[in-house]
Structures are given as structure tokens and as C-alpha cells.
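# Survey of secondary and tertiary structure
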Amino acid sequence: MTTAKSAYPVPVAELLPQARQLAKQSGRVPSRNQLMAELRIGAPKAREILDRLADEQPVKAPNPAGLHVVAEPTPDETEPTETHDDEPTEPDSEPTDSEHVSPEAEQATESAPVSAEESAPVWEAVSEPITVDADPATPTQPTETTASKPVAVWPVMLLALPAFVAIWSGWVGLGQLTGFGIVHPLPGIADSFAINTAITLPIGVETYAAYALRVWLSGQVPARARRFAKYSALGSLALGALGQIAFHLMKAAGMTSAPWLITAAVACLPVAVLGMGAGLAHLIKDTHREVQR
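Please read all numbers here as calculations on a predicted model, not as lab measurements.

Our next topic: the pattern of salt bridges. A full pass over the atoms with the stated rule returns one salt bridge. Across the salt bridge formed by Arg52 and Glu48, the nearest N and O atoms sit 3.4 Å from each other. Note that Arg52 and Glu48 are positioned in helix H3 (residues 43-60) at a spacing of four residues, about one turn of the helix. For Arg52, a relative accessible area of 34% gives the class partly exposed. On the basis of relative accessible area, Glu48 is assigned to the partly exposed category, the value being 33%.

As C-alpha cells, this is what we get:
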């Protein structure tokens, strides 16, 4: 059905034929929302068209909506009553109020304003299928997010204590064989203060190896710092193992001083540890700056 398309408001008189055609096609009086949608008009004009259609309804369409009045059953309609010849038959009773519907009442019923809720199409609510993850009768299992008890670390510390003692004694012994010994670091200030520099080897090499290993395995630093920590940690552990091997071989051979190659390599260890530690610290610090930017 074509609707009026004009830049100016279309009079109701021109819209009535289209509304009659719509009522004829649907077999009932169209609703206000249907008129608004089909004729592209506003609510006031749709109500006026409905009123005019209601006025024309008794003449042109006695019952367009297909409604019928259900009357109460009378004795004459339900079952026949016995009549005797000697008894006068009663004249047919006048139609009751329920049977007789005046045109005014029918017109009022048909022209009653239809609310937006009644005229709007009723869409059946489609319920989505309810998925049940688990049987309600079965107890729910604890999820992975449940805080689990952390693994105890003290057994590892207990096992590492003997290794720490052996490594400490091996580095100190190697330091004494390579020229590390008692020194006075504060001459003229504290002449009585003395320190054995052999302890700097286990503190520097093994401590750096443990820290670099932590940075590498933590996964909290970018790839560049992590890569540096990985290779420097493995290198420090390898140097520590070579130092232990050299000390025990020289100790078993009864040597009182190490060869000059071993002495030169051990003398460079503090400088190498300082360089690796400073480089790793700078990489971690620069990484934190990039994250803040």
C-alpha cells in the first residue's frame, strides 16, 4: 500500500481512503500505531482517523473485527420444554439486555481508543536456554584462583647451607693461594683495622650469580635485561665451579701458591663482578624508566 509522500501535512480527508483500504485488507479497524506506521502520520491525526472510521463503522462495516456477542442460553435454546394444549403458551420474551446491543454501544466499543500497549504487536518472549555448568547436586570443586598454600623454602635453605660452607672455604683458600690475604684498608686512619680480602671472592662471585639467576627466572624484566642476567649468571656459576676445581687440585697437590695464570684470572674476578653487577643494575633501571614513560 502506497502512502502519501508530501512535504506538507496531508489532510485527514485524503488519508481516510487509505485507512479504509487498510481496514478492508486486515479485516478489522487498524490500531493507532498501525495507522501511524503505514500512513506516516502523528498520533493526533491517527486518533482523528480512528474516530471517523468508528463513525462510518455501523454503515460500511457492521462488524469488521469479527466480534460476536455471546448471549446467555435461554430455555428455548437449550432444551425444549413440554407444553400442554390446555395451557396457553407464553409469548416469546423480549430479548434481554445481553442479546440486544444498541448501535451506540457497539459504536462506543469499536471506537474506544486503543492504547499504545494494546495496539503494539505482542512479541513472544523467547527465553534463552539456561546452561548449567555442573550438576547442582554435586559439590563444586575449588577453582584455580583459590589461594593455595605456598611451597616452603626452608628445606632448600637447609640444603644450601653445607654447599655455602664448602664454597666459602674453597674461595677463601684459593684467595690465599693467589695473593689475597690480610690488608689494612684504612692506613693512617685506623691502623688496627685489618681485613682478609680472600672473603671478597665468595661474596662477589656467588652472590652475583644468585641474584642474576633470580632476575633471569623472575620474568619481571624485559628481554634485554633478562638475557644479560641469564648469560652472566651462567658465567658466574661456571667461574665458581672452575675456582673450586682449581683450589682442590692445588690443595691435593700440596701447592702453596697458585700458578700465575690462575692468579691472574682470580685477580680479575672482583673487577668482572663489579662490571656485571653495574651493567645489570643499569639495565633494570632503564627498563623501569621505559615502563614509566
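Read on for the rest.
Attention shifts here to the packing of helix H7 (residues 154-177) against helix H9 (residues 223-252). Contact geometry of H7 with H9 gives a least axis separation of 9 Å together with a crossing angle of 65 degrees. The orientation of H7 with respect to H9, classified from their angle, is roughly perpendicular. Remark: the crossing between H7 and H9 carries left-handed chirality. Residues Ala166, Ile167, Ser169, Gly170, Trp171, Gly173, Leu174 and Leu177 of H7 form the contact with H9, whose participating residues are Leu239, Gly240, Gly243, Gln244, Phe247 and Met250. Looking at side-chain class alone, the contact of H7 with H9 contains eight nonpolar, six polar and no charged residues.

On to helix H2 (residues 32-39). Inspection of H2 places Arg32, Leu35 and Leu39 among the buried residues, and these make up the whole buried set. Angularly, the buried residues of H2 cover 60 degrees about the axis, an arc narrow enough to put them on a single face. Directly after H2, the chain includes Arg40, whose backbone phi takes a positive value near 55 degrees.

Bringing a nonpolar patch on the surface into the picture now. On the surface, Val183, Leu186, Ile189, Phe193 and Ile195 cluster together into a nonpolar patch covering about 430 Å² of accessible area. Position of Ile195 relative to the elements: it lies in strand E2 (residues 195-196). The class of Ile195 is partly exposed, set by a relative accessible area of 32%.

Take the environment of Asn33 next. Mapped onto the secondary structure, Asn33 falls in helix H2. Among the residues examined, Asn33 registers a relative accessible area of 24% and is labelled partly exposed. The spacing of Asn33 and Ala43 is ten residues in sequence and 7.9 Å in space, taken between C-alpha atoms.

Rules of the game
- Residues numbered from 1 in each chain as written.
- Predicted model: local features only at pLDDT ≥ 70, side-chain atom pairs only at ≥ 80, totals over all residues.
- Heavy atoms only, no water.
- Salt bridge = Lys/Arg side-chain N within 4 Å of Asp/Glu carboxyl O.
- Helix = DSSP H or I, 4+ residues; strand = E, 2+ residues; numbered from the N terminus.
- Buried < 20%, exposed > 50% of the residue type's maximum accessible area, 1.4 Å probe, protein only.
- Axes fitted to C-alpha atoms, helices over the stretch in contact; angles between N-to-C directions.
- Parallel < 35°, antiparallel > 145°, perpendicular 65-115°, else oblique.
- Left-handed = near helix turned anticlockwise from the far one by under 90°.
- Contact = heavy atoms within 4.5 Å.
- Nonpolar A, V, L, I, M, F, W, Y, C, P; charged D, E, K, R; others polar.
- Arc of directions from axis to C-beta.
- Patch = residues over 30% accessible without salt bridge, like charges linked within 9 Å, V, L, I, M, F, W, Y side chains within 5 Å.
- Areas by Shrake-Rupley, 256 points an atom, 1.4 Å probe, with all protein chains shown as cover.

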